[in-house]
Every structure is written in C-alpha cells, then in structure tokens.
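This is what each chain is made of:
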Amino acid sequence: MLWSALIGTVEQGLVYGVMALGVYITFRILDFPDLTVDGSFPLGAAVVARTISSGGSPLTGTLLAMVAGLLGGLTTGFLNTKLKISGLLAGILTMTALYSVNLRVMGRANIPLLRKPTLINWFIDRGFAPWVFFLIVLLLTKVLLDLFLKTEIGFALRATGDNEQMIRTCGVDTDSMKLLGLGLSNALVALSGALVAQYQGFADVGMGIGTVVSGLASVIIGQALVRFRGLGWATMGVIVGSVVYR
C-alpha cells in the first residue's frame, strides 16, 4: 500500500515536472510573471481529450496540445510586447480567455478517456510502468531545453531576463525573445496537461486551477535543495522540486 502510494506520488511529480520546467522558463529565465499557465495547462488536456475522443491518434493529440499551448503563450506575449499591457495583466487576460476556449474545444466541462487509446496505455500494454514513460519524456525535455538554452538564441533569451536594457543595446530584439520564451514555456505546460489528462483518464475545464502556484513551488523547492551552480543543475533542481512537492 505504501509502495503504490509512493510510486503514484513519483509519477505525479515526474509528469508535473514538465510543467515546472515551463514555469522555470518564464519566472526564472525570462523574469516574466506569466499566469497563462493556469489556462494553457487545461488547454493541453482539452485538445488531447477532444482528439482522442474523436478517434484521433494520442500522439497527434499530444503534439496538437503543444501547438495550442504555444499559441496561448504567444497571445500573452503579443498583448505584452505589441499592445504594451503589463505582463501580469496580459497573463490574466489570456488565462481568463482560455477558460472559454477550453470549453469550446471540449464542447462540455469534462471528457472521460477511460477505455480510450492513450500514450500511457500504449506503454503499459508493452510491460512498462507509467513512471518510466514520464521519466523518459521529462529527461528528454530537460536535455533538449538545456541544449537550447546554450545556443546563441538561448543565451539571448537568458540575457533578456537578466538585463533587458543591456541586451537591447547589443541589437537583440527583446520582444521576439519574450514571444519565444512565453511560447516555449506554455508549449511545455500544455504538454504536461495533455499527459496528465491521459494519465488520470479525463480532462476537466477546471483542472488548471493552482497550476502556476504548484509550478512556482516546485521551482523554489528545487533551488533550495539543489544548490549547485550551472544551468543543468538548475533544471535538475526543478525536477527534484516537483517530485518533492508532490
């Protein structure tokens, strides 16, 4: 009983770790108070649930969920960079609008996925536990994110969060960097929402409430526990924080 509860907690920590990495991009790297997370998380769940319930492939639905999350983040970025709305208010506006979008996508408040083909069931049918699948996805996401943040564009993104005025004088379009960071962050958040929906067997329009709080808690706990310097250790700390938080 205790072992199964522990495994379930670890599984939740791993799958929500993808979301925590998305939150890390905006709050720590970009220094942007993005509340879009509470809307893009259920958006990912809504898109994958609608795709699967309509007879589509779970993989296709998961990829479409990431695209939807990307568009949600870009919307917040557009409100902030082009319409000059403050970052906090831009996130609130997008988050509120996405509630209606999620209802529109699902057509109702809840879509069950029991006895439907999902990526989780595909792995279980081949003898793997769900935590193995989540660990693979999370580590792959971490490695790709680390590699991206060490590229020239990644350095520009990090510099935008550290000192926007300075990096602008170097010829970097900080508005584009904000759009990139917000889009990438919410794509990861939506991916996490899509995986959670397939894991728990349903998508609900209210499942995103408190997501940004848990994401921030994971980042803060991870940074407190993993004190080694370096980008790789920072993202690893986020993962550890997500598991410990759960």
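This text follows the structure it describes.
Given the structure is predicted, the values throughout are model-derived calculations rather than measurements. (Residues numbered from 1 in each chain as written. Predicted model: local features only at pLDDT ≥ 70, side-chain atom pairs only at ≥ 80, totals over all residues. Heavy atoms only, no water.)

## Structural notes on the nonpolar core
This is how it is decided: The nonpolar core is taken to be a set of buried Ala, Val, Leu, Ile, Met, Phe, Trp, Tyr and Cys residues, with the residues joined through side-chain atoms within 4.5 Å. Burial classes follow relative accessibility: with a 1.4 Å probe on protein chains only, a residue under 20% of its type's maximum area counts as buried, one over 50% as exposed, and anything between as partly exposed. Secondary structure follows DSSP: runs of H or I at least 4 residues long count as helices, runs of E at least 2 residues long count as strands, and numbering of each begins at the N terminus.
Among the nonpolar cores identified, the biggest contains 60 residues, and Phe41, Phe133, Phe134 and Leu195 are the most heavily contacted of them. With 12 residues, helix α1 (residues 2–29) is the largest single contributor of residues to this core.

## What about the environment of Gly61?
Note the threshold: Between two residues, a contact is recorded if the distance between any of their heavy atoms is within 4.5 Å.
Residue position: Gly61 is located in helix α3 (residues 58–81). Here Gly61 falls in the buried class, since its relative accessible area comes to 0%. Contacts of Gly61, omitting those with residues within four sequence positions, involve Val47, Val48 and Thr51.

## Examining the pattern of salt bridges
Applied cut-off: Note on definitions: salt bridges are taken to be side-chain nitrogens of Lys or Arg within 4 Å of carboxyl oxygens of Asp or Glu.
Within the structure shown, the criterion is met by 3 salt bridges. Between Lys142 and Asp146 there is a salt bridge, with the nearest N and O atoms lying 2.6 Å from each other. Remark: Asp146 and Lys142 occur in helix α6 (residues 130–149); sequence separation between them is 4 residues, near one turn of the helix. The residues Lys142 and Asp146 share a single accessibility class, namely buried. The partner of Glu164 in a salt bridge is Lys178, and the shortest N-O contact between them spans 3.4 Å. Highlighted residues: Glu164 in helix α8 (residues 164–169) and Lys178 in helix α9 (residues 174–200), separated in sequence by 14 residues.

## Brief notes about the layout of surface pockets
The test is simple: Cavity and pocket criteria rest on a 1 Å grid covering protein atoms alone: a 1.4 Å probe that fits but cannot get out defines a cavity, protein on both sides within 12 Å along at least 5 of 7 lines defines an open pocket, and an atom within 4 Å of a point defines a lining residue. Grid points are joined across faces, edges and corners, and a volume is the space filled by probe spheres set on the points.
Here the largest pocket defines a volume of roughly 390 Å³. Surrounding the largest pocket, 16 residues form its lining, Met66, Leu140, Thr141, Leu144 and Leu191 being those nearest its centre. If you list the elements that add at least two residues to the lining of the largest pocket, you get α3, α6 and α9. Broken down by element, the residue count for the lining of the largest pocket peaks at 7 residues, all from α6.

## Some remarks on the packing of α1 against helix α10 (residues 211–225)
Note the threshold: A fitted line through C-alpha atoms serves as each axis, taken over the contacting stretch for helices, and the angle formed by two N-to-C directions is quoted from 0 to 180°. By the definition adopted for this analysis, an angle is roughly parallel if under 35 degrees, roughly antiparallel if over 145, roughly perpendicular if from 65 to 115, and oblique otherwise. Gly falls in the polar group here, along with every residue not listed as nonpolar (Ala, Val, Leu, Ile, Met, Phe, Trp, Tyr, Cys, Pro) or charged (Asp, Glu, Lys, Arg).
Where α1 contacts α10, the two axes come as close as 9 Å, and the packing angle between them is 80 degrees. In terms of orientation, α1 lies roughly perpendicular with respect to α10. Two secondary-structure elements touch here, α1 through Met19, Ala20, Val23, Tyr24, Phe27 and Arg28 and α10 through Thr211, Val212, Ser214, Gly215, Leu216, Ser218, Val219, Ile220 and Gln223. Its residues placed into classes, the contact of α1 with α10 shows 9 nonpolar, 5 polar and 1 charged.

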